[in-house]
Amino acid sequence: MIPIKSKEELDILRRAGKILGIIIKELFEFTKAGVSTEEIDRLAESLFKKNKVEPAFKGYKGFPASICTSTNAEIVHGIPGSRELKEGDIIGLDVGVIYNGYFSDAAVTKGIGKISPQAQKLLEVTKSSLSEGIKQAKAGNHLYDISSAIQGMVEKNGFSIVREFVGHGIGAKLHEEPEIPNFGNSGQGPVLASGMVLAIEPMVNVGTWKSRILDNNWTAVTKDGLLSAHFEHTVAITENGPEILTNI
Ligand code: MG
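Figured I'd write up the structure that's included with this text. (Residues numbered from 1 in each chain as written. Predicted model: local features only at pLDDT ≥ 70, side-chain atom pairs only at ≥ 80, totals over all residues. Heavy atoms only, no water.)

Attention shifts here to unusual backbone geometry. The omega angle of the peptide bond from Glu 177 to Pro 178 is 0°, so this bond is cis rather than trans. Turning to its location among the elements, Pro 178 is positioned in strand β8 (residues 176-180). Despite not being glycine, Lys 52 has its phi angle at roughly 55°, a positive value. Tracing the sequence through the fold places Lys 52 in the loop between α2 (37-50) and β1 (54-55). The backbone of Asn 72 sits at a positive phi, close to 55°, despite the residue not being glycine. Mapping Asn 72 onto the fold places it in the loop between β2 (68-71) and β3 (74-76). With a relative accessible area of 18%, Asn 72 lands in the buried category. (Helix = DSSP H or I, 4+ residues; strand = E, 2+ residues; numbered from the N terminus. Buried < 20%, exposed > 50% of the residue type's maximum accessible area, 1.4 Å probe, protein only.)

Taken N-terminus to C-terminus, the directions of helix α1 (residues 7-30) and α2 make an angle of 150°; their axes are 10 Å apart at the nearest point. Between α1 and α2, the angle falls in the class roughly antiparallel. Of the two elements, α1 crosses α2, and the hand of that crossing is right-handed. On α2, the residues touching Ile 23, Glu 26, Leu 27 and Phe 30 of α1 are Glu 39, Ile 40, Leu 43, Ala 44, Leu 47, Phe 48 and Lys 50. Looking at the contact of α1 with α2 residue by residue, the class counts come to 8 nonpolar, no polar and 3 charged. (Axes fitted to C-alpha atoms, helices over the stretch in contact; angles between N-to-C directions. Parallel < 35°, antiparallel > 145°, perpendicular 65-115°, else oblique. Left-handed = near helix turned anticlockwise from the far one by under 90°. Contact = heavy atoms within 4.5 Å. Nonpolar A, V, L, I, M, F, W, Y, C, P; charged D, E, K, R; others polar.)

Turning next to helix α4 (residues 143-156). A rise of 1.5 Å per residue sets the reference length of α4, with its 14 residues, at 20 Å; its end C-alpha atoms lie 21 Å apart and thus fit the reference within 8%. Those residues of α4 not exposed but buried are Leu 143, Asp 145, Ile 146, Ser 147, Ala 149, Ile 150, Gln 151, Met 153 and Val 154. On its buried face, α4 is in contact with α3 (117-135), β6 (160-161), β8, β9 (197-200) and β10 (203-205). Phi turns positive one or two residues past the end of α4, at Gly 158, with a value near 85°. (Expected span 1.5 Å × (residues − 1).)

So, on to the nonpolar core. The biggest cluster of nonpolar side chains holds 48 residues, and the ones touching the most others in it are Ile 23, Leu 27, Ile 40, Phe 48, Leu 122, Ile 146 and Ile 200. Sorting the residues of this core by element identifies α1, α2, β4 (90-99), β5 (102-111), α3, α4, β9 and β14 (233-238) as the ones contributing at least two each. For this core, the leading source of residues is α3, giving 6 residues. Formed by 16 residues, the second largest nonpolar core is a distinct cluster that contains Tyr 102, Phe 103, Val 197 and Ala 236. (Core = buried A, V, L, I, M, F, W, Y, C linked by side-chain atoms within 4.5 Å.)

This part takes up α2. Across its 14 residues, α2 extends 20 Å between first and last C-alpha, which sits within 8% of the 20 Å expected from 1.5 Å per residue. For α2, the complete set of buried residues consists of Thr 37, Ile 40, Asp 41, Ala 44, Leu 47 and Phe 48. All buried residues of α2 lie within an arc of 120° about the axis, which places them on one face of the element. Every exposed residue of α2 that faces more than 90 degrees away from the buried side is listed here: Arg 42, Lys 49 and Lys 50. Buried residues along α2 sit in contact with α1, β1, β2 and β4. Phi for Lys 52, located one or two positions after α2, is positive at around 55°. (Arc of directions from axis to C-beta.)

The subject of this paragraph is the sheet that holds β10. Two orientations exist for strands paired in a sheet by backbone hydrogen bonds: parallel and antiparallel. Here we have 3 strands laid out as an open sheet, ordered β6-β10-β13, and antiparallel in their pairing. Since the sheet does not close on itself, it has two edges, and those belong to β6 and β13 (228-230), each with one partner. Judged from the 2 bridges that link them, β6 and β10 form a sheet pairing that is antiparallel. Of the residues in β10, the one forming a bridge with Ile 161 is Val 204. Across the sheet, α3 touches β10 and β13, and the angle it forms with β13 is around 35°. (Pairing = 2+ DSSP bridges.)

One open sheet holds the 5 strands; their spatial order is β8-β7-β9-β14-β15, and the pairing between them is antiparallel. The open sheet terminates on both sides in strands that have one partner only, identified here as β8 and β15 (241-244). For this sheet, the mean inter-axis angle between neighbouring strands, taken without regard to orientation, is 25°. Sheet topology note: the β9/β14 ladder contains 4 bridges and is antiparallel. The residue bridging Ala 199 from the neighbouring strand is Thr 234, located in β14.

This is the structure we're talking about:
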């Protein structure tokens, strides 16, 4: 069953999302050439403290850092380290917080300095596929209306959608029902209702959709070594349509 949140729970999730949006915005601005992913992680830790939230990922199934930083061919679950960003890189920042017992989850991908036209297009298409998916997150629609809208936007632009990692319900836990694949047929899957809260997160590759996991047992990378991008919002389905809780 997909959990339906009460009005009180939705208000907490709104607050959690708002704080997360503020944190990601600061991290995004800090992320530039010469900065290491470890430094971004340290800034995230201090912003969590300042905003009185807990990191949702640290220690989750043993994840060793506060946020995920995934560069270039890394799809998701990149582990912050000493590597310094350089002009032309792209980097995904995936951040989750716990506020008052409730979770919020969002991700953005940023280009460092001047990036290739292909990388630029990848960022734009991934971001707009998320917007197209969110538009379908409304009461009465089927879950895979979201999936199909994302896949359509991505494949129309000649990119591929990652299969092995999916979006998820979110609220009292980081991962709740349902799983939200970024591919599928519209008109299928459970019917959506007001009060559901979903973390929608397309991961889009330039080349093959296939991935492999690095020796650190966490980081997923593209099998062909080509670029990958990731955008995510936590979205509530309300009587007035989709409400993005993690505006950045
Ligand atoms: Mg997520």
